[in-house]
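The primary structure of each chain is shown beneath.
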Amino acid sequence: EFHHAGEVTLSLRLLDDISSGSGHINFDDFRFYDTEPDVPQRRRLTPDVVKNAGLKPEDAVKAMTLPPGTKATLFAGEPDVHQPIGFAIDDRGRLWVAEAYTYPTRAPEGKGKDDILIFEDTDGDGKFDKRTVFTTGLNLVSGIQVGFGGVYVGAAPYLLFIPDKNHDDKPDGPPEVLLDGWAYQDTH
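All residue numbers refer to position in the chain's written sequence, counted from 1. Residues qualify for local features only when their pLDDT is at least 70, as the model is predicted, and side-chain atom pairs are given and counted only at 80 or more; totals for whole chains, interfaces and linings, by contrast, use all residues. To get the side-chain values, take all heavy atoms of the structure and skip hydrogens and water.

Caption draft 1: Structural detail: the overall build of the protein. Each helix corresponds to a stretch of at least 4 residues labelled H or I by DSSP, and each strand to a stretch of at least 2 residues labelled E; elements are numbered beginning at the N terminus. A count of helical and extended segments in the protein gives one helix and 10 strands. Tracing the protein from N to C terminus, the helices and strands come up as β-β-α-β-β-β-β-β-β-β-β. Categorising residues by exposure relies on relative accessible area from a 1.4 Å probe, with only protein chains included: less than 20% of the type maximum marks a residue as buried, more than 50% marks it as exposed, and the intermediate range marks it as partly exposed. Taking all 188 residues of the protein together, the buried fraction comes to 25%. Contacts are assigned to residue pairs with any non-hydrogen atoms lying within 4.5 Å of each other. Taking the intrachain contacts of the protein between residues at least 6 apart in sequence as the baseline, contacts between residues at least 24 apart amount to 37%. By element, 52% of the accessible surface of the protein is carried by carbon and sulfur atoms, the whole surface being about 14,300 Å². Computed with a 1.4 Å probe, the accessible areas rest on the Shrake-Rupley method; for each residue, only the protein chains presented here act as cover.

Caption draft 2: Representation of the nonpolar core in the model. In plain words, nonpolar cores are sets of buried Ala, Val, Leu, Ile, Met, Phe, Trp, Tyr and Cys residues tied together by side-chain atoms within 4.5 Å. With 13 residues, the main nonpolar core has W96, I116, F134, L138, V151 and V153 as its most contacted residues. Taken together, the elements giving at least two residues each to this core come down to β4 (95-99), β5 (114-120), β6 (130-138), β7 (141-146), β8 (150-155) and β9 (158-163). When residues of this core are assigned to their parent elements, the largest contribution, three residues, is made by β8. Residue contacts for V151: discarding those within four places in its chain leaves W96, I116, F134, I144, Q145, V146, L160, F161 and I162. Counting six residues, the second largest nonpolar core, distinct from the first, contains V81, L95, L117 and F128.

Caption draft 3: Broad picture of the sheet that holds strand β10 (residues 176-180). Taking strand neighbours across the sheet as the criterion, the four strands line up as β7-β8-β9-β10 in an open arrangement whose pairing is antiparallel. Every other strand in the sheet has two partners, leaving β7 and β10 as the edge strands with one partner each. Strand after strand, the sheet turns through a mean of 20 degrees between neighbouring axes, direction not considered. Think of it this way: DSSP has to see at least two bridges between two strands before they count as a pair. Looking at chain direction, β7 and β8 are connected through five bridges and run antiparallel. Residue pairing across strands places V141 opposite A155, the latter belonging to β8. Structural elements are reduced to axes, namely lines fitted to C-alpha atoms, with helices fitted over the stretch in contact, and the angle between N-to-C directions of any two is expressed from 0 to 180 degrees.

Caption draft 4: Geometry of the pattern of salt bridges. Any Lys or Arg side-chain nitrogen located within 4 Å of an Asp or Glu carboxyl oxygen qualifies as a salt bridge. In total, this model carries five salt bridges according to the counting rule given. Across the pair R92 and D169 runs a salt bridge whose closest N-O atoms are separated by 3.7 Å. Of the two residues, R92 sits in the loop between β3 (84-89) and β4 while D169 sits in the loop between β9 and β10, which places them 77 residues apart along the sequence. Judged by relative accessible area, which is 48%, R92 ranks as partly exposed. Overall, D169 belongs to the buried group, its relative accessible area being 9%. Measuring nitrogen to oxygen at the nearest pair gives 2.7 Å for the salt bridge that ties R94 to D169. Of the two residues, R94 is situated in the loop between β3 and β4 and D169 in the loop between β9 and β10; the sequence distance between them amounts to 75 residues. For the pair formed by R94 and D169, the shared burial category is buried.

So this is what it looks like as structure tokens:
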């Protein structure tokens, strides 16, 4: 509800009958009328139809259309990883995945739920057989890069560095804030 100089009251009610993802609404160029304008009825939008949506990871790989001479295999999928938002491959060929449970709203300090996982194929069969939780409890993670003795993590408003100088896949200490100031009001 908005009030302007005590003269006008404007109430907006937004309804989302389709819970198929996130959306974005802009409120630009408002026009006010004394009576309801005669405008054509707007058509109701329907969710996008996505071919193969909702398949199990094993079935999704089988349903892929690939260029001739290429092959896809499943390395990791649900339930071993959820809500991945970023990944990196380290110098040992391991897959590091940032899981974004906090997105799209930053949690109160100390209440983050985001994780960083490491997936490793120790027997060379093309599928992970070792899953390690590197760290948990991060907040609003959106990117990850591994190197120089640790892990760099984008987690607005911060760029963090989580040291692991001995490469034992355990943080050497809490995340260090390298940079601060990225806005997170519009997190996507």
